[in-house]
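Observations on chain architecture
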Amino acid sequence: MNIQANISSEKSTKIRKRKKSINDVNRWGYVFILPFIIVFLIFSIYPIFKTLYLSFTNFNGFADAKFIGLENYSRVIKDPLFWTAFKNTLKIWSINVILQFGLAFLLTIIFSDIKYKVKGLSIFRALFYLPNLIAATSVAFLFKALLDWQFGTLNQLLVKFGLINSKINWLGQPGTAIIVVAVIGAWMWFGNTFIVLMAGVQGISKDYFEAATIDGAGRWTTFGKITLPLLKPILLYSAITSLIGGLQIFDIPFLITDGLGAPGGALNTVVMYLYNTAFKYNNIGYAAAIAYALFFIIAIFSAFTFKSMYGSNKNKEAR
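Residues numbered from 1 in each chain as written. Predicted model: local features only at pLDDT ≥ 70, side-chain atom pairs only at ≥ 80, totals over all residues. Heavy atoms only, no water.

The protein carries the name ABC transporter, permease component in an unreviewed UniProt entry, which gives Clostridium neonatale as its organism. Turning to the protein, the UniProt record has this under Subcellular location (unreviewed entry): "Cell membrane". (UniProt positions renumbered as here; feature names shortened; annotations may be inferred.)

Here is the structure:
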């Protein structure tokens, strides 16, 4: 009996030591992630709540902030410049998303078609994603040089080959300027969308495509009846991230123009209007309200996108 008691006590002692060592290791894990938590709280969480507080004040960056309630938000609702900037942003994003997703879908159809059997997918993925790795500043100045009215390469080539009679002021006219910024955005981001869609396609069992081929289904039928429905979660992710990024567009329009949305304010996006309100006109309190107004708009659009993509399926299942 004593021997059994000693053995059981030794086992319990070993178990306690093992648990203690595991707990000690877990505590070190918290120590290692502490720097990230501190940086995250200081540079992410604190600015969010600080901006929310400033949106209820008349802070101008110099004098003490004075609480004014919902006055800034009321001003945003009535501000024609804000809504004009929002329309400009929607125009740019709409053209961008059509080109971006259209090209990404076309490439996905080509590379996922088992009849084509295109080789070198990894090389193409790297090439398509490359524009996304270039700094926005470099991209803006590159296209600014290429599209220069008098000495730009594009105008010179078009005139040389007789495609146009006179040079086009691409960045000096509202209509063409919006299209140019949208095309630049699509060029930068279609590779990212293509990679995400291809990852989704590669996660689909090949048995579906082989069965469709045996049944004589065409490429578009296979894509519409098999690929597209099974890609719905990936499409939802891509659509919402594109929406969030598109409504926050700032760098390319800001760098490719005078920083005020020229020509004629056509490239004055919401974030550019926010930036100029805060740092050019020193109305930080109102700029904070614009930031939160944009946040609420993005949340509403995202919820609508989610509901439109998944609400129809739920209704069909209910029937």
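1. Re the overall build of the protein
A count of helical and extended segments in the protein gives 13 helices and 0 strands. The order of α-helices and β-strands along the protein, N terminus first, is α-α-α-α-α-α-α-α-α-α-α-α-α. Counting only residues that meet the buried cut, the protein has 35% of its 319 residues in that class. For the protein, contacts bridging at least 24 residues in sequence account for 65% of all contacts bridging at least 6. When the accessible area of the protein is evaluated, it comes to approximately 20,000 Å², of which 67% is carbon and sulfur surface. (Helix = DSSP H or I, 4+ residues; strand = E, 2+ residues; numbered from the N terminus. Buried < 20%, exposed > 50% of the residue type's maximum accessible area, 1.4 Å probe, protein only. Contact = heavy atoms within 4.5 Å. Areas by Shrake-Rupley, 256 points an atom, 1.4 Å probe, with all protein chains shown as cover.)

2. What about the packing of helix 4 (residues 121-133) against helix 7 (residues 174-202)?
Following both chains from N to C, one finds helix 4 and helix 7 inclined at 145°, their axes separated by 5 Å at the closest point. Every pair of crossing elements has a handedness; the one defined by helix 4 and helix 7 is left-handed. Side by side, helix 4 and helix 7 meet where Leu121, Arg125, Phe128, Tyr129, Pro131 and Asn132 of the first sit next to Trp187, Met188, Trp189, Phe190, Gly191, Asn192, Phe194, Ile195, Met198 and Gln202 of the second. (Axes fitted to C-alpha atoms, helices over the stretch in contact; angles between N-to-C directions. Left-handed = near helix turned anticlockwise from the far one by under 90°.)

3. Some thoughts on the environment of Thr193
Structurally, Thr193 is set in helix 7. On the accessibility criterion, Thr193 (4% relative accessible area) is buried. With 90 residues separating them in the primary sequence, Thr193 and Leu103 have C-alpha atoms 9.3 Å apart. In this structure the side chain of Thr193 is engaged in a polar contact, spanning 2.6 Å, whose partner is the side chain of Gln100. (Polar contact = N/O pair within 3.5 Å; in protein donor to acceptor, adjacent residues only side chain to side chain.)

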